[in-house]
Amino acid sequence: MSKVRNLAVLTSGGDSPGMNACVRSVVRAALYHDIKPFGVYEGFNGLLNNKLQELTYHDVSNILNHGGTILGTARCPEFREKEGRDKAYANLKAQDIDALIIIGGDGSYRGAQALAEENDIKVIGIPGTIDNDINGTEYTIGFDTACNTIIENIDRIRDTAASHNRIFLVEVMGNNSGILALNTAAASGAEEVFMPEKSEDLLEIKTKISRAIAANKSSIIIVAEGDQIGGAKEMYNYLKEYGLVDKVRVSILGHLQRGGSPSFLDRLYAALFGELAVVELLKGNADLMVGVINGRVSTCSLDLARETSPPKNMDYLKLIRKLSIY
Ligand code: F6P
């Protein structure tokens, strides 16, 4: 078992609050264990284009409170091809780097695993996405901050909704996953939630909105961007056909959900995940994802993490219904 001498860390996929705190943790833990850390700029693109730089202790000072990622992130279709991965490997080897830590979503792990299978590079994944939809882990860095941001914005919407007795369709992120929608609906007192995992009867949506209009009270309805109808705007257009939009307004929260200073929870998990990833490499382990497994910070195989996970708390639907007028 050869000791890891130099490692590289990159952020990939959609950025999420806490990624910087995690980069800091990886760099500082590596230095503590006498491993030389390198940062890769712009995700896998940076690996291909040799945008690697050694990171010092002070390079990661005062970054943990900032959202986004100082390393940058990008989608990189070239990395799906072996030719692209060969280029990446050559750049890693030129710096004598023998391990790679990827902070990002499950899509980011596929290319990295292929790189590890083809070459002598050890790979560890750290789940970072606001969606919290990675199989194998109960938590992904960024989720808590995004939920807090959504809740704060719903509070603002509620002020105006209540003043006018209006029904707001609030669209939250989640193209393939309703986890953000479901959790924030339960926590914000929303009357209803629409999400990709729940098939909708169009008539039922119409009936529910009609009932809310008849009640002449304000309502908050959370719609995941990837719900079966295709988001809040589509739902509005559908209701318009029936003349039901007089009291209905749409608010699409969009990318503001991805920004902002990370919450306590995101900073804590970022620190724990980053350090554990380095420790696992020190032990000679690889092909793993660090995460929260059965309530504990631990590891699972990267293979497990390559599938998207469905919402864990579908029971929240019952709660939302029980507490609403619908
Ligand atoms: O995966 C995180 C996420 O924020 C999803 O919720 C959303 O659908 C997607 O990224 C948006 O991606 P982009 O920033 O490329 O538009």
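Counting from 1, residues in each chain are numbered in the order their sequence is written. Confidence filtering applies because this is a predicted model: local features only for residues at pLDDT of at least 70, side-chain atom pairs given and counted only at 80 or more, and all residues used for totals across whole chains, interfaces and linings. Think of the side-chain values as coming from all heavy atoms in the structure, minus any hydrogens and water.

Asks: Can you help me understand the domain arrangement of the chain in this one?
Replies: Interfaces are frequently sized by the accessible area removed from exposure as the parts join. As used throughout, domain bounds are those supplied by an automatic or database domain assignment. Taken domain by domain, the chain consists of domain 1 (6–142 + 262–305) and domain 2 (144–258). Each of domain 1 and domain 2 was reduced to a C-alpha centroid, and the two centroids are 34 Å apart. Every residue pair with non-hydrogen atoms within 4.5 Å of one another is taken to be in contact. Each side of the interface is counted separately: domain 1 has 14 residues, and domain 2 has eleven residues. A 1.4 Å probe defines the accessible area here, and the buried area is the portion of it lost by two parts on being joined, summed over both. Around 970 Å² of area is buried between domain 1 and domain 2 when both sides are counted, 53% of it from carbon and sulfur atoms.

Asks: Please clarify how the sheet that holds strand β8 (residues 219–224) should be interpreted in this entry.
Replies: Strand pairing in a sheet relies on backbone hydrogen bonds, with the paired strands running either antiparallel or parallel. An order of β7-β8-β6-β9 is seen for the four strands of this open sheet, with the pairing classed as parallel. Each having just a single partner strand, β7 (192–194) and β9 (248–252) make up the two edges of the open sheet. For this sheet the average axis-to-axis angle between neighbouring strands, irrespective of direction, equals 20°. Convention adopted: a line fitted to C-alpha atoms gives each axis, helices being fitted over their contacting stretch, and angles between N-to-C directions are expressed from 0 to 180 degrees. Think of it this way: any DSSP run of H or I at least four residues long counts as a helix, any run of E at least two long counts as a strand, and we number them from the N terminus. Its contacts with the sheet put helix α6 (residues 179–188) on β6 (167–172), β7 and β8, and the angle it makes with β8 is roughly 165°. Sheet strands touched by helix α8 (residues 232–240): β6, β7, β8 and β9. Its angle to β6, the strand with the most contacts, is close to 145°. Strands were regarded as paired on the criterion that DSSP finds at least two bridges between them.

Asks: Whenever I open this one, the sheet that holds strand β5 (residues 122–127) confuses me. Can you help?
Replies: Within the open sheet, the seven strands sit side by side as β3-β2-β1-β4-β5-β10-β11. Their pairing is mixed. Only two strands of the sheet have a single partner each, and these edge strands are β3 (52–54) and β11 (296–301). Within the sheet, the average angular offset between the axes of one strand and its neighbour, ignoring direction, is 30°. Sheet topology places strand β2 (residues 36–40) next to β3; three bridges connect them, and they run antiparallel. By the bridge assignment for β3, G39 is matched with Q53. Along the sheet, helix α4 (residues 106–118) makes contact with β4 (99–104), β5 and β10 (288–293), crossing β4 at roughly 165°.

Asks: Looking at this model, I keep getting lost on the packing of aromatic side chains. Mind explaining?
Replies: Aromatic rings considered in pairs are described by the distance between their centres and by the relative angle of their planes. Ring pairs are drawn from Phe, Tyr and Trp, using the six-membered ring of Trp, whenever the two centres fall within 6.5 Å, and their geometry is named by plane angle: stacked under 30 degrees, edge-to-face over 60, tilted for the rest. Across all of its chains, the model carries five aromatic pairs by this definition. Considering the side-chain rings of Y139 and F143, the 6.2 Å spacing of their centres and the 75° angle between planes classify their relative orientation as edge-to-face. Here Y139 and F143 have matching classes, each one buried. In this structure an aromatic cluster arises from ring pairing among Y139, F143, Y269 and F273. Charge over a ring is defined by NZ of Lys or CZ of Arg lying within 6 Å of the ring centre and within 35 degrees of the ring normal. Geometry around Y57 places R28 over its ring, the cationic atom sitting 3.5 Å from the centre. For every residue, the accessible area obtained with a 1.4 Å probe (protein chains only) is divided by the maximum for its type, and the residue is called buried under 20%, exposed over 50%, and partly exposed between those limits.

Asks: Would you mind showing me how to read the nonpolar core here?
Replies: What we call a nonpolar core is a set of buried Ala, Val, Leu, Ile, Met, Phe, Trp, Tyr and Cys residues that are connected through their side-chain atoms within 4.5 Å. Counting 59 residues, the largest nonpolar core has L7, I101, I126, V193, I220 and I222 as its most contacted members. Both domains that furnish three or more residues to this core are identified here as domain 1 (6–142 + 262–305) and domain 2 (144–258). The residues touching I220, leaving out its near neighbours within four places in the chain, are I154, I157, R158, A161, F168, V170, A190, E191 and E192. In terms of nonpolar packing, the next biggest core, distinct from the first, is built from 26 residues, C76, I102, A112 and I121 among them.

Asks: What should I look at first to understand the environment of N285 in this one?
Replies: Its location among the elements puts N285 in the loop between α9 (264–282) and β10. On a C-alpha basis, the gap between N285 and V123 in space is 8.9 Å, while along the polypeptide they are 162 residues apart. Each residue touching N285, except ones within four places of it in the same chain, is listed here: K122, I124 and E280. Any pair of nitrogen or oxygen atoms within 3.5 Å is treated as a polar contact; in protein, a donor-acceptor pairing is required on top of that, and neighbouring residues in sequence qualify only through side-chain atoms on both sides. There is a polar contact of 2.7 Å between the side chain of N285 and the side chain of E280.

Asks: Mind showing me how you'd approach the state of the cysteines here?
Replies: Formally, a disulfide is one covalent bond, and it connects the sulfur atom of one cysteine to the sulfur atom of another. When two cysteine sulfur atoms are found within 2.5 Å, that pair is recorded as a disulfide. The tally for this structure, following the rule as stated, stands at zero disulfides. The cysteine C22 is free of any disulfide, with C300 supplying the nearest cysteine sulfur at 15 Å.

Asks: Would you take a moment to explain the site of the ligand for this structure?
Replies: Surveying the vicinity of the ligand reveals the residues R75, T129, I130, D131, M173, G174, N175, E225, H255 and R258. Within the side chain of R75, one N or O atom sits 2.7 Å away from an oxygen atom of the ligand. One of the side-chain N or O atoms of E225 is found 2.4 Å from an oxygen atom in the ligand. Residues were grouped as follows: Ala, Val, Leu, Ile, Met, Phe, Trp, Tyr, Cys and Pro as nonpolar; Asp, Glu, Lys and Arg as charged; and all remaining residues, including Gly, as polar. Of the residues assigned to the shell around the ligand, the class counts are two nonpolar, four polar and four charged. Of the residues that make up the shell around the ligand, three or more belong to each of domain 1 (6–142 + 262–305) and domain 2 (144–258). It suffices for a single heavy atom of a residue to lie within 4 Å of a molecule or strand for the residue to be listed as near it.

Asks: Would you explain α6 in this entry?
Replies: Because the α-helix completes a turn every 3.6 residues, residues three or four places apart line up on one side. Where burial is concerned, most of α6 is hidden: eight out of the ten residues are buried. Residues of α6 that are buried: I179, L180, A181, L182, N183, T184, A185 and S188. Just past α6, the residue G189 takes up positive phi, approximately 75°.

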